[in-house]
Amino acid sequence: MFSITKKQGIALIELNSPPVNALDLKMRKALSASIAELGTDDEIKAMVICSALPVFCGGADINEFQTGQLWEKPDLPDLCLAIENSIKPVIAAIVGAAMGGALEVALACDYRVASEDAVMGLPEIKLGLLPGSGGTQRLPRIVGLEVATRMILSGDPVKGEYALSCGLVDALFENDQDFSTHVLDFATRVSHEGDPKRSCEDMTVKHPDPRGFLREFRYQIAPKSKNLVAPERCLESIKAACELPMVEGLAQEKAGFAELLDTPQSRAGRHLFFAERECTKIPGVTRADQPRDITSVAVIGAGTMGRGIAITFLQAGYPVALLETAQGALELGLEKVREHFQRASQKGRLSADRAEAIAANATGTLSYGDLAEADLIIEAAFESMDVKRQIFEALDRHAKPGAILASNTSTLDLDEIAAVTSRPEDVIGLHFFSPANVMRLLEVVRGAKTAPDVIATAITVAKKIRKLPVTVGVCYGFVGNRMLEPYFREGSRLLLEGATPKQVDDVLEGFGMAMGIHAMADLAGVDVGARVRQERRSEIAHDPTYQAVQDRLFELGRLGQKTGRGSYVYEGRTRVEDPEIVQISAHLADFHGVKRREIDDQEILERCLFPLINEGFLILEEEIATRPGDCDLIWVNGYGFPNWRGGPMHYADEIGLSQILERMTHYRQSLGTYGEMWFTPAPLLEQLATSGVTLDAHFDAKKEKS
Ligand code: NAD
């Protein structure tokens, strides 16, 4: 767990508990005992807590948050107090990362030194929590109110240089073979000082107007934190640090932490945290499936997505070749890529030299022969099976053996695309989201014949380009867009039945969605949805009202934001209600024999969300997604579902599956033939709801068995 070496009167406590020196109960007990023992050792003048791993410490063991073991004594606040109260000075020597509880331990030390590349932060707020082991009390005392508030409320880490400038660390050393010597020298120097102890208890938070500052800060973050509980608790706790003796502040902080731990928001945060850890564990892919080497990338199609994908790879250091059908399109695409990096440099995000060097890594071609050396080729041409077929036939002829052939298709059958090649095992879907260089989500689509090492490669590459890869199977729309379909369908149908776009969007945005259905359709382009539906006519023909309003908008040329009119009228980017939509909807309702009525907010929410969740159940049953957390990651990171609700499947568990089943059944019965068409509960939903098992528990049990 850790070793102790004594050198020149300094005890080096070197943590060595892979993978991240988690501060679990065993570690806390052993550390507390050793610190107490070393405190009474006359030979020892100071202690250093350091790490044998590339990371200082990842903080608390979040598994203990689920089991309740985090409260077992000594808990983390106790460990911090044991360090703070030690009669010998304690120094934290930070390399790599010190996050959450780890930084709280470091804050309880008398001194902190770090390597230049170290990162330090209190990310608890991202889990719907506050730093509960003294972080909100000690950090403001050490770095001042303003820096501490920003760090705690953002949850973002700071780097070595900044940490030194704000007083978070006392010295910064290069992360080389001399690091330990520098640390030892520092500890020796400190131990020779007259009074080397520096307890936070003796410090106060220095600020001329803490209340005024916190009031202003609260006001500034209000738009982003309106639905969240943790920010307010963090601010209250920081205020306590300014106004109360430390022991009282610590008690208030601990109570705040305990309260937050039991909130749906914190459960949601932890669910997503674990989901991210799990999502790269893919059935049938093992450690033996070594990723292939990817050093060069090609992108087919330099349109919206192709450019974004190219930018993503370029900024991660890959050379990228773009292929187009015509010189004009190619030049335009390359120009847009160059402009992106120029803008980044003008905004100060990149040096001009670096921007130029990155952009110079992009090349263009009209010939497949030039892609013969590419390790990974991603197709992002038009969404048409004929176009994709032609491209993959050409790739099969020209790509080198072992090259990975990927498609960015949003809806088309990847197996059909793979079948035109002689190497379907090398074909995979890499479904980026728009804007591809911004959105973190990457749906990795596994075809029937995709080789496990190709999937392993996709996961490795995704991490290098800083994406979140979630592996899914082949079906119409994969996971994200398949769940989107019922959601959009209901949003549109509700207009026929009497709701307005604003009413629907207000309810969904009130729930926490980044954008309502109608605003989202206007942003994506009404024509985009209409084209997708044209391809699917046969499958949706049994519902003559299916997206009737959207189809009418398309006929009227109301294509959304790009034409200034869609479900709304746009004044700049501001959306304004348009009474004409009510007339269009009423007219269509009349035509289709749909009775119009007042629709309340609760119905809007249930009608939009529950069929989406129901689709998630079908997807899980069909094993298109491996686990509910995968669906949640996709919806939180690709579709603006509020992360504080944990994603649609977690939300379903949180409100209770029996409620969803009951309401699905209710709408099935109350909406006539329309209800019968679209509100059939998924068998898995029925099974779990009637047996009182949560989705989470069901999948946990499944995991245990496998
Ligand atoms: P787009 O129309 O902006 O760009 C397509 C580009 O491909 C055009 O520049 C076109 O000249 C080029 N092209 C067409 N046929 C080609 C061929 N045979 N060889 C080489 N280049 C060819 O389209 P887009 O929005 O970038 O979408 C591209 C793909 O990405 C589609 O499959 C789409 O479904 C998918 N996708 C789009 C989005 C989105 O939000 N736009 C999101 C995810 C996935």
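Just above, that's the structure.
Residues numbered from 1 in each chain as written. Predicted model: local features only at pLDDT ≥ 70, side-chain atom pairs only at ≥ 80, totals over all residues. Heavy atoms only, no water.

### What to know about the pattern of salt bridges
Here is step 1 of the chain: A full pass over the atoms with the stated rule returns 51 salt bridges.
Here is step 2 of the chain: We note a salt bridge from Glu 243 to Lys 239, for which the minimum N-O separation is 3.8 Å. Of this pair, Glu 243 and Lys 239 both sit in helix H10 (residues 230-243), separated by four residues, roughly a single helical turn.
Here is step 3 of the chain: Under the relative-accessibility criterion, Glu 243 is labelled partly exposed at 39%.
Here is step 4 of the chain: A network of salt bridges, in which partner residues are shared, links Arg 489, Glu 490, Arg 493, Glu 497, Arg 597, Glu 603 and Arg 607. (Salt bridge = Lys/Arg side-chain N within 4 Å of Asp/Glu carboxyl O. Helix = DSSP H or I, 4+ residues; strand = E, 2+ residues; numbered from the N terminus. Buried < 20%, exposed > 50% of the residue type's maximum accessible area, 1.4 Å probe, protein only.)

### Digging into the site of the ligand
Here is step 1 of the chain: Close contacts around the ligand come from 22 residues, with Met 305, Glu 324, Glu 383, Lys 388 and Ser 410 the closest.
Here is step 2 of the chain: Between the ligand and Ser 410 there is a distance of 2.8 Å, counted from an oxygen atom to a side-chain nitrogen or oxygen.
Here is step 3 of the chain: Coverage of the ligand by the protein amounts to 77% of the 830 Å² it exposes when considered alone.
Here is step 4 of the chain: For the shell around the ligand, the secondary-structure elements that each account for two or more residues are helix H13 (304-315), helix H16 (385-398) and strand E15 (427-432).
Here is step 5 of the chain: Top contributing element to the shell around the ligand by residue count: H16, with three residues.
Here is step 6 of the chain: A class-by-class count of the residues in the shell around the ligand yields 10 nonpolar, nine polar and three charged. (Near = heavy atom within 4 Å. Polar contact = N/O pair within 3.5 Å; in protein donor to acceptor, adjacent residues only side chain to side chain. Areas by Shrake-Rupley, 256 points an atom, 1.4 Å probe, with all protein chains shown as cover. Nonpolar A, V, L, I, M, F, W, Y, C, P; charged D, E, K, R; others polar.)

### With respect to the nonpolar core
Here is step 1 of the chain: Within the largest apolar cluster, 99 residues are counted, with the highest numbers of intra-cluster contacts made by Tyr 487, Phe 617 and Trp 635.
Here is step 2 of the chain: Ranked by the residues each element gives to this core, the list is headed by helix H26 (residues 601-621), at 10 residues.
Here is step 3 of the chain: Not counting chain neighbours up to four residues away, the residues in contact with Trp 635 comprise Val 479, Gly 480, Met 483, Leu 484, Tyr 487, Met 513, Leu 612, Gly 640, Phe 641 and Pro 648.
Here is step 4 of the chain: If you look at the next biggest cluster of nonpolar residues, it comprises 71 residues, including Met 27, Cys 57, Leu 235 and Leu 261. (Core = buried A, V, L, I, M, F, W, Y, C linked by side-chain atoms within 4.5 Å. Contact = heavy atoms within 4.5 Å.)

### A word on the sheet that holds strand E7 (residues 119-121)
Here is step 1 of the chain: Taken together, the three strands give an open sheet; going across it, the order is E5-E7-E8, and neighbouring strands pair in mixed fashion. A strand with exactly one partner marks an edge of an open sheet, and here the two such strands are strand E5 (97-99) and strand E8 (158-159).
Here is step 2 of the chain: When E7 meets E8, the two strands line up antiparallel, connected through two bridges. Bridge pairing links Val 119 to Lys 159 in E8. (Pairing = 2+ DSSP bridges.)

### Looking at the pairing of strand E10 (residues 297-300)
Here is step 1 of the chain: Side chains Val 297 and Val 299 project from E10 onto one buried face, and the interleaved Ala 298 and Ile 300 project onto a second face that is buried too.
Here is step 2 of the chain: Pairing of E10 with strand E13 (residues 376-379) involves four bridges; the strand directions are parallel. What sits directly across from Ile 300, in E13, is Glu 379.
Here is step 3 of the chain: Sheet topology note: the E10/strand E11 (residues 320-323) ladder contains four bridges and is parallel. Bridge pairing links Val 297 to Val 320 in E11.
Here is step 4 of the chain: Following the backbone out of E10, through H13 and into the adjacent parallel E11, one traces a crossover that is right-handed. (Right-handed = clockwise from strand over helix to strand, strands pointing away.)

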